[in-house]
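Structural description and commentary
Below are the chains, spelled out letter by letter.
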Amino acid sequence: MTVRLLAPAELASRVDDAATLMGECIDEGASVGWVLPYDHSDLVHFWRAVANRAAAGELVVFCALLDAELAGIVLLTRSGRPNGPHRAEIQKLLVSPRFRRQGLGRALMVEAETYAASEGLTLLHLDTAGEDAERLYQSLGWVYAGSIPNYALDPDGTPHATALYYRELPPR
Ligand SMILES: CC(C)(COP(=O)(O)OP(=O)(O)OC[C@H]1O[C@@H](n2cnc3c(N)ncnc32)[C@H](O)[C@@H]1OP(=O)(O)O)[C@@H](O)C(=O)NCCC(=O)NCCS
């Protein structure tokens, strides 16, 4: 397994792979923005926009590769606000259902956190709806900050709450 930064141009050339990975996660119930049935081309469009935002320096993408296959991905999105130069959001932590419980999710989070710390970021935050994801974040020391009921729909259309987490990183 290789976990590393995915350069914007590399993501741009792999938007179909990223869309397939996200589709696999949606198909097995992950609430990551879409409901069933979704259009694969919408997912491709999403990842193309991510690649453009990465090229503009708004976010950083990390990937987990297994024999060159895109098995996992996560985004680190800078606040972009004048009052939040120290802050970024973790988004779209996705590991293919075919490669779960092998440490990819943990390795992606550690890679993103290490990068954030090296950039001088001191506050990370995220929201999530998955129990597996919550266990992972808690085991990494993320702090539960509360939840918002009926925040979004599961892929099958059922409303669910979202849990908010944050993690403070030591100043450089
Ligand atoms: C959350 C997710 C990224 C975890 O990926 P993963 O590669 O399976 O995670 P890891 O193998 O690194 O597991 C790390 C830890 O998380 C916890 N964990 C992950 N999956 C779990 C499960 N099914 N049951 C219990 N604990 C789990 C455990 O503490 C685990 O450590 P362990 O294996 O040493 O016990 C993956 O399940 C996923 O993509 N889910 C769908 C999308 C999602 O919900 N994303 C997050 C919110 S946007």
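Given the structure is predicted, the values throughout are model-derived calculations rather than measurements.

Taken together, 21 residues lie near the ligand, and R100, G105, R106, G130 and L136 sit nearest. Looking at the shell around the ligand, the elements that each hand over two or more residues are β4 (87-95), α4 (104-118) and α5 (131-139). A per-element tally of the shell around the ligand places α5 first, with five residues. A per-class count over the shell around the ligand returns nine nonpolar, six polar and six charged.

Attention shifts here to the sheet that holds β4. Pairing between sheet strands relies on hydrogen bonds along the backbone, with the strands arranged either parallel or antiparallel. Taking strand neighbours across the sheet as the criterion, the seven strands line up as β1-β2-β3-β4-β5-β7-β6 in an open arrangement whose pairing is mixed. This sheet does not close on itself; its edge strands, each paired only once, are β1 (2-6) and β6 (143-153). Averaged over all neighbouring strand pairs, the angle between strand axes comes to 25 degrees, with direction disregarded. The pairing of strand β2 (residues 59-66) with strand β3 (residues 69-78) spans eight bridges and is antiparallel. Along β3, the bridge assignment pairs L66 with E69. Relative to the sheet, helix α3 (residues 40-55) contacts β2 and β3, its axis offset from that of β2 by approximately 120 degrees. This element, α4, spans β1, β2, β3, β4 and β5 (123-128) of the sheet and lies at about 35 degrees to β3.

Okay, the nonpolar core next. Of all hydrophobic cores here, the largest spans 43 residues; its most connected members are V61, F62, V74 and L108. The contacts of L108, once residues within four sequence positions are left out, are V3, F62, A64, G72, V74 and L93.

So, about the UniProt feature "domain: N-acetyltransferase" (unreviewed entry) in the protein. Annotation from UniProt places "domain: N-acetyltransferase" (unreviewed entry) at residues 1-171. Counted over residues 1-171, helix gives 34% and strand 35%. Its end C-alpha atoms are 30 Å apart.

Regular strands have side chains that alternate between both faces of the sheet. Here β5 shows a buried face lined by L124, L126 and T128 and an unburied face lined by L123, H125 and D127. Pairing of β4 with β5, which is carried by three bridges, proceeds in the parallel orientation. By the bridge assignment, R87 is partnered in β5 with L123. As for the winding sense of the linkage, the β-α-β connection from β4 through α4 to β5 is right-handed. Relative to strand β7 (residues 159-168), β5 runs antiparallel, the two being bridged by six bridges. Bridge assignment links T128 to a residue of β7, and that residue is A163.

The rules behind these values
Residues numbered from 1 in each chain as written. Predicted model: local features only at pLDDT ≥ 70, side-chain atom pairs only at ≥ 80, totals over all residues. Near = placed C-beta within 6 Å. Helix = DSSP H or I, 4+ residues; strand = E, 2+ residues; numbered from the N terminus. Nonpolar A, V, L, I, M, F, W, Y, C, P; charged D, E, K, R; others polar. Pairing = 2+ DSSP bridges. Axes fitted to C-alpha atoms, helices over the stretch in contact; angles between N-to-C directions. Contact = placed C-beta atoms within 7 Å. Core = buried A, V, L, I, M, F, W, Y, C linked by C-beta atoms within 7 Å. Buried ≥ 20, exposed ≤ 12 C-beta atoms within 10 Å, placed from the backbone. UniProt positions renumbered as here; feature names shortened; annotations may be inferred. Right-handed = clockwise from strand over helix to strand, strands pointing away.

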